[in-house]
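Examination of the molecular architecture
If you want the building blocks of each chain, they are given just below.
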Amino acid sequence: MEASPVTGIRLSSVVPASVVGENKPRALTPMDLAMKLHYVRAVYFLKGKRDFTVSDLKSTMFTLLQSNYHVSGRIRMPENDNDPSGLALPYIRCNDSGIRIVEANVEEFTVEKWLDLEDRSIDHRFLVYDHVLGPDLFFSPLVFLQITQFKCGGFSIGMSWTHVLGDVFSASTFMKTLGQLMSGHDLPKLVYPKTPEVTAHDHNGEAISIKKIESVGNCWSLANKCKMGRYIFNLSLNQLDRLMAKYTTQDQPLSESDILYALIWKSLLNIRGETETNVITICDRKRSTTCWNDDLVISVVERKDERIGISELAALIAGGKREENGVIKRTIEEDRGSSDFITYGANLTFVNLDMSDMYEFEIKGGKPDFVNYTIHGVGDKGVVLVFPKEKSARIVSVVMPDEDLAKLKDEVATMIM
């Protein structure tokens with residue numbers, strides 16, 4: 001699908017129901033800044049007519065932003081021109097400026113017919129507002145919600161979420177809370193984190209899980225060297241069972257995530273060559289009630305052997321992770337804001353979404369018919385999101401250079417036969 005089927009686009013803003021931010025600053029941590037150029041994008045699909053309206057959704061946002069007031073803030077830079085030793089690190093000014101709401105229509109499709117289309121990249125191309133922070137950085141909303149009405153009366157909710165606010169878990173918790181409020185439940189209390197524990201530095205060099213790039217200035221957008229594409233692998237439970245039986249033994253218990261990471265890693269080793277993807281990054285999450293980037297656990301796995309199979313790669317992933325949170329913190333602090341960094345796609349990056357509650361979104365007893373998350377602003381090495389397991393399948397969503405993506409489809413299809 002080349003031309004956009006979306007029409008009738010209307011923009012408005014929603015702010016907290018009352019003054020809550022009080023212009024307070026919220027500092028961005030080094031882990032936030034490691035995610036500065038990345039954006040979480042999500043689409044929730046709901047078929048058929050529902051017992052609520054777009055106006056109900058917008059009205060509920062006033063209350064939701066009352067609790068999540070940092071989401072309504074704007075990026076600011078410190079005024080430390082007279083202190084050259086000061087860190088030039090951005091922060092969020094909690095000034096109740098609000099988020100942007102986009103209303104649109106798709107008149108050619110029902111939700112069901114849209115979901116029947118094979119190309120799932122269209123979800124994020126057309127049903128999520130294409131937003132990045134800047135170049136008018138101080139006026140850029142941190143979140144956009146696009147509500148798109150379909151021909152059948154059903155609709156989608158597309159969200160673009162600035163990653164400095166938190167990861168996929170944070171974004172999905174925000175959406176789940178919206179559903180709870182619309183269903184008449186009390187507003188859950190937002191848990192603010194304590195000062196994060198500093199992870200011991202694993203080595204004396206710079207972190208290899210992140211990549212330093214030249215400062216992007218006031219436009220927080222990553223420029224790729226090649227065209228990036230998106231694709232979803234929908235693995236049935238039978239396919240997952242066959243993979244587990246084939247690559248695990250009683251002496252070597254491995255998780256599904258370990259096997260799926262190894263499957264994609266091996267496929268890309270075959271595509272890119274044995275020396276191009278020797279290091280992978282894995283993004284996990286601490287078990288926590290907070291919703292911040294400091295709950296992320298960023299690790300790397302390095303491959304030493306030239307020739308290695310899927311079972312060996314999975315075992316290496318299971319037992320060979322080296323956490324880099326501490327050295328990421330030190331690297332970004334020592335840079336003092338003179339550069340920018342990327343995490344997703346600096347190496348081939350795997351994101352474990354098992355702890356996210358993306359499937360728990362519910363409005364008045366109605367659950368979404370499909371949920372699609374991705375990361376925008378991914379480096380050229382690519383990112384792989386492994387979704388939580390569903391009753392009948394497990395989704396693996398990849399963002400890769402187009403030239404790799406076409407070959408990856410064939411490699412994975414061969415391996416799961």
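Residues numbered from 1 in each chain as written. Predicted model: local features only at pLDDT ≥ 70, side-chain atom pairs only at ≥ 80, totals over all residues. Heavy atoms only, no water.

Per an unreviewed UniProt entry, the protein is named Protein ECERIFERUM 1-like, and its organism is Camelina sativa. Listed under Sequence similarities (unreviewed entry) in UniProt, the entry text for the protein is "Belongs to the plant acyltransferase family." (UniProt positions renumbered as here; feature names shortened; annotations may be inferred.)

1. Some remarks on the packing of helix α7 (residues 256–272) against helix α10 (residues 402–415)
Helix packing for two helices is described by the angle between their axes and how far apart those axes are. Their axes nearest at 9 Å, the elements α7 and α10 cross at an angle of 125 degrees. By the angle between their axes, α7 is oblique relative to α10. As for how α7 packs across α10, the hand of that crossing is right-handed. Between α7 and α10, the contacting residues are Leu263, Ile264, Lys266, Ser267, Leu268, Asn270, Ile271 and Arg272 on the first element and Asp404, Lys407, Leu408, Glu411, Val412 and Met415 on the second. When grouped by side-chain class, the residues that make up the contact of α7 with α10 number 7 nonpolar, 2 polar and 5 charged. (Axes fitted to C-alpha atoms, helices over the stretch in contact; angles between N-to-C directions. Helix = DSSP H or I, 4+ residues; strand = E, 2+ residues; numbered from the N terminus. Parallel < 35°, antiparallel > 145°, perpendicular 65-115°, else oblique. Left-handed = near helix turned anticlockwise from the far one by under 90°. Contact = heavy atoms within 4.5 Å. Nonpolar A, V, L, I, M, F, W, Y, C, P; charged D, E, K, R; others polar.)

2. With respect to the environment of Ala27
Counting through the fold element by element, Ala27 comes out in strand β2 (residues 24–27). Residue Ala27 is classed as exposed on the basis of its relative accessible area of 59%. Apart from residues no more than four positions distant in its own chain, Ala27 is found in contact with Asp32 and Tyr91. (Buried < 20%, exposed > 50% of the residue type's maximum accessible area, 1.4 Å probe, protein only.)

3. Side note on helix α6 (residues 237–247)
Within the sequence span of α6, burial applies to Gln239, Leu240, Leu243, Met244 and Tyr247. One side of α6 holds all its buried residues, which, seen down the axis, span an arc of 135 degrees. In α6, those exposed residues whose orientation departs by more than 90 degrees from the buried face are Asn238, Ala245 and Lys246. Buried residues in α6 make contact with β10 (228–236), α7, α8 (310–319), β18 (393–401) and α10. (Arc of directions from axis to C-beta.)

4. Digging into unusual backbone geometry
Cis geometry is adopted by the peptide bond preceding Pro135, which originates at Gly134 and carries an omega value of 0 degrees. Mapped onto the secondary structure, Pro135 falls in the loop between α4 (121–126) and β7 (143–150). A positive phi angle is found at Asn23, which is not glycine, with a value near 60 degrees. Under the relative-accessibility criterion, Asn23 is labelled partly exposed at 44%. Of note, Arg336 is a non-glycine position whose phi angle comes to about 60 degrees, a positive value. Residue position: Arg336 is located in the loop between α9 (325–335) and β14 (340–342).

5. Section: the packing of aromatic side chains
One pass over the structure, following the stated rule, counts 11 aromatic pairs. Where Trp114 meets Phe150, the ring centres are 5.7 Å apart and the plane angle is 75 degrees; that geometry is what we call edge-to-face. Placement of Trp114 in helix α3 (residues 111–116) and of Phe150 in strand β7 is noted, with a sequence separation of 36 residues between them. Taking relative accessible area as the criterion, Trp114 reaches 0% and is therefore assigned buried. (Phe/Tyr/Trp six-rings, centres within 6.5 Å; stacked < 30°, edge-to-face > 60°.)

6. With respect to empty space enclosed by the protein
As enumerated under the stated definition, the model contains 3 cavities of 30 Å³ or more in all. Along its surface, the largest cavity is lined by 13 residues, and Asp167, Leu296, Val351, Asn352 and Leu353 are the ones closest to its centre. For the lining of the largest cavity, the elements supplying multiple residues, two or more each, are α5 (168–182), β11 (279–285) and β15 (348–352). The dominant element in the lining of the largest cavity, judged by the number of residues it contributes, is β11, at 3 residues. Its residues placed into classes, the lining of the largest cavity shows 8 nonpolar, 2 polar and 3 charged. Within this model, the second largest cavity holds a volume of roughly 50 Å³. As for the second largest cavity, its lining consists of Arg120, Ser121, His124, Arg230, Tyr231, Ile232, Asn372, Thr374, Ser397 and Val398. Broken down by secondary-structure element, the contributors of at least two residues to the lining of the second largest cavity are α4, β10, β16 (370–376) and β18. The leading source of residues in the lining of the second largest cavity is β10, at 3 residues. Along the lines of polarity and charge, the residues of the lining of the second largest cavity split into 3 nonpolar, 5 polar and 2 charged. (1 Å grid on protein atoms, 1.4 Å probe; cavity = no way out; pocket = protein on both sides within 12 Å on 5 of 7 lines; lining within 4 Å. Points joined across faces, edges and corners; volume = space filled by probe spheres on them.)

7. What about the sheet that holds strand β5 (residues 91–94)?
Read across the sheet, 3 strands follow the order β2-β5-β4 without closing on themselves; strand pairing throughout is antiparallel. Among the strands making up the open sheet, the edge pair consists of β2 and β4 (74–76). Between one strand and the next, the sheet's axes are offset by a mean angle of 40 degrees, whatever the strand orientation. Inspection of the sheet shows β4 paired to β5 by 3 bridges, in the antiparallel sense. The residue bridging Ile75 from the neighbouring strand is Ile92, located in β5. (Pairing = 2+ DSSP bridges.)

8. Digging into the environment of Tyr261
Note on placement: Tyr261 falls in helix α7. Relative accessible area serves as the criterion here: at 2%, Tyr261 is assigned to the buried category. When the C-alpha positions of Tyr261 and Thr173 are compared, they lie 25 Å apart, and in sequence the two are 88 residues distant. With residues up to four places along the chain from it excluded, the contact list for Tyr261 reads Ile282, Ile317, Phe350, Val351, Asn352 and Val386.

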